[in-house]
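Per-entry structural report
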Amino acid sequence: MSQERPDEEKPETCDVRVQDRIQGVASPVQSPNRLGPTRFSEVARDTGSDFIGSILSWINGDPNRNVKNPVKRGKRKRIRTAKTAVGVIALVGFFIFVNWFMLSQLHEGRAWLRRGFSKNRNPKPNPKPNPDLSPSTKRVSVKVSAASVQHVEKKKMGKPKKKYNGTYGRLLAYAAHALAEGQNKIEPKELWREPKDQALAWKPCADQRSWKPNDGKNGYIMVTANGGINQQRVAVCNIVVIARLLNATLVVPKFMFSDVWTDSSQFEDIYQVEHFIKYLSPDIRIVKNLPKELQSLDLEAIGSLVTDIDVMKEAKPGFYMKHILPLLLKNRVVHFFGFGNRLAFDPIPFELQRLRCRCNFHALNYVPKIQETGAILVRRLRDSGSHLAPVDPYLVGPKFASFILDKKAGPLHKASKYLALHLRFEIDMVAHSLCYFGGGDAEKTELSAYREKHFPTLANLTKTKKMPSPEDLRTEGLCPLSPEEAVLMLAGLGFSRKTRVFVAGANIYGGTKRLAALTSLYPNLVTKENVLSETELEPFKNHSSQLAVLDFIACAASDAFAMTDSGSQLSSLVSGYRIYYGAGKMPTIRPNKRRFSDILLKNNTIEWKVFEQRVRKNVRQTKHVLVRPTGRSVYRYPRCKECMCYED
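Residues numbered from 1 in each chain as written. Predicted model: local features only at pLDDT ≥ 70, side-chain atom pairs only at ≥ 80, totals over all residues. Heavy atoms only, no water.

Glancing now at the pairing of strand 8 (residues 418-422). The buried fraction of strand 8 is high, at five of five residues. Where burial is concerned, the two faces of strand 8 agree: the one with Tyr-418, Ala-420 and His-422 and the one with Leu-419 and Leu-421 are both buried. Sheet topology places strand 8 next to strand 9 (residues 500-504); five bridges connect them, and they run parallel. Paired with Ala-420 across the two strands is Phe-502, which belongs to strand 9. Note: strand 8 against strand 11 (residues 560-563), four bridges, orientation parallel. (Buried < 20%, exposed > 50% of the residue type's maximum accessible area, 1.4 Å probe, protein only. Helix = DSSP H or I, 4+ residues; strand = E, 2+ residues; numbered from the N terminus. Pairing = 2+ DSSP bridges.)

Moving on: the packing of helix 6 (residues 229-245) against helix 24 (residues 569-581). Helix packing for two helices is described by the angle between their axes and how far apart those axes are. Between helix 6 and helix 24, whose axes approach to 8 Å, the crossing angle comes to 60°. Relative to helix 24, helix 6 is oriented oblique. By crossing handedness, the relation of helix 6 to helix 24 is classed as left-handed. Contact residues: Asn-230, Gln-231, Arg-233 and Val-234 in helix 6; Gln-569, Leu-570, Leu-573 and Tyr-577 in helix 24. Of the residues contributing to the contact of helix 6 with helix 24, the split by class is four nonpolar, three polar and one charged. (Axes fitted to C-alpha atoms, helices over the stretch in contact; angles between N-to-C directions. Parallel < 35°, antiparallel > 145°, perpendicular 65-115°, else oblique. Left-handed = near helix turned anticlockwise from the far one by under 90°. Contact = heavy atoms within 4.5 Å. Nonpolar A, V, L, I, M, F, W, Y, C, P; charged D, E, K, R; others polar.)

Further remarks concern the nonpolar core. When a protein is soluble and globular, its nonpolar side chains tend to lie buried together. Counting 100 residues, the largest nonpolar core has Ile-221, Phe-276, Tyr-320 and Phe-336 as the members making the most contacts within it. Looking at this core, the element that brings in the most residues is helix 6, giving 10 residues. With near-sequence residues (within four places) excluded, Phe-336 lies in contact with Ile-221, Met-222, Val-223, Thr-224, Ile-239, Val-306, Tyr-320 and Ile-324. With 57 residues, the next largest nonpolar core counts Leu-419, Leu-423, Leu-461 and Ile-508 among its residues. (Core = buried A, V, L, I, M, F, W, Y, C linked by side-chain atoms within 4.5 Å.)

The next subject is the side chain of Glu-194. One can find Glu-194 in the loop between helix 5 (169-181) and strand 1 (202-204). Of the buried charged residues, Glu-194 lacks a salt bridge, with Arg-639 as the closest side chain of opposite charge at 4.1 Å. The residues touching Glu-194, leaving out its near neighbours within four places in the chain, are Gly-584, Lys-585, Met-586, Pro-587 and Arg-639. (Lys, Arg positive; Asp, Glu negative; His and termini not counted. Salt bridge = Lys/Arg side-chain N within 4 Å of Asp/Glu carboxyl O.)

Laid out in structure tokens, this is it:
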């Protein structure tokens, strides 16, 4: 099972799914929503009262003001009276406008829910009966007239939403025909390369430092990171920054066991501990264990156990300085339990943001057994190639990167290209999405039961709150792409039937039956289970996090990478890694799912050539060389002055 969870959340609402996905990120949530204040909460000011008060103050003047000149009192009184009148008229006019606007919106909303009017808003007088028409002709005429009126009304209100039934038989048949006819055609060049020359100008530079090491004298920070391996990676880099911010000593991180991912792997099972400690030593002090005198403390009893419920999502540095530092100084140790995306991306000081990038792209090297197996996987996917990709030495280390090369291959030997496709379509994502994927009542029952067991907070929300319908979620592009939708995207982009496709992820919801569309259109489809032998996979058996790392390596090293869910943490981290180390030569395909959903809803009418044109335009519009937008993840968008340097 793939290990990801979104890393970009903003304001909290009752609609957890829509909130997470709109901001970049949806996915399984492990911690309950905060339904009330926490111990670090502050009482919000009544801004509404301040606003009204400021208006009244402007109208009436400051009651505490001492008017010393009695000659001017009469004049000022008249001015104040005039201002009062003007202010009252303006307020009354404003409230009348607001009432009118809300009533009109309510009227429109009711009309939409009726899906067309039964009556015309501006009915014309009934025409005089024609004595020459027979009764039956009159009835037909009345029906046609009513249908015409209803058609006009629907046209005024906008097109009714089309329902998705989970099948794309017509488009899949077109795709199969197009791929069969185009076997000897040349693929579009932009599929295998970055379209913009500006990508070449960005170079990695997060390894540069301009500060002295911290002594960590304020206390010790422990962390137990939640989620899958990719959420845990983000949590580790966030806690490194917090340790520097608080001048604290960091204890080597621990990973929380999850009944979703069912993996007991710890930090030292995945990452090289000694490299982690040594590489970050110029930044923070890191130790493997707490001092003995602190190990016996009951952290919960003394208030030093801080859960993710206590810390808001994307908390600013000031939060930690105000609430956590005093606790640290008092008790000498703080344990962040269930820690994840609890540090904002903006605003944050330049050097702290750079430390975040340094941790992610330089300090977290995989252990040798993962590097070696990852190198074997990449070598076979490239069909014993004679070149190294720019990311290879950083993914598997210099030692195993050389193993990817085929020493027997001559200079004319050309490595096979392969496309990596991350299908985030495991049951946890499907259940958490609240979307419908064409499986009927059996699917709805199964996913509802899964939510009850693994996501009880979300399950409770679906019973107590009005949630968006599956049709609305799909229209907004908030559903993960199914295997059928993913293969239609690949075919529409022009990937040849002969393309080798590596599918990342395991236990796809629906199993091999659900993958049938992919395998029939792209027979050279493989997974790590196909490429590696049972003996090679044995060390990773029952360790889903370590298996997910192999997926990460294969995706990051691919000639082209296609993501199907922009909220996926694995896709975000892979995309950022390819930007940081890819030297502008490693393209990533990011469909705009909202627009893609609109294209797919025309499944029963759209012609294949039009479908191709629209899919290619959709993806082409997302291939801009973007500088990181404010507030977005540096792990996904490392093109920023803190992580990378721009060289003209």
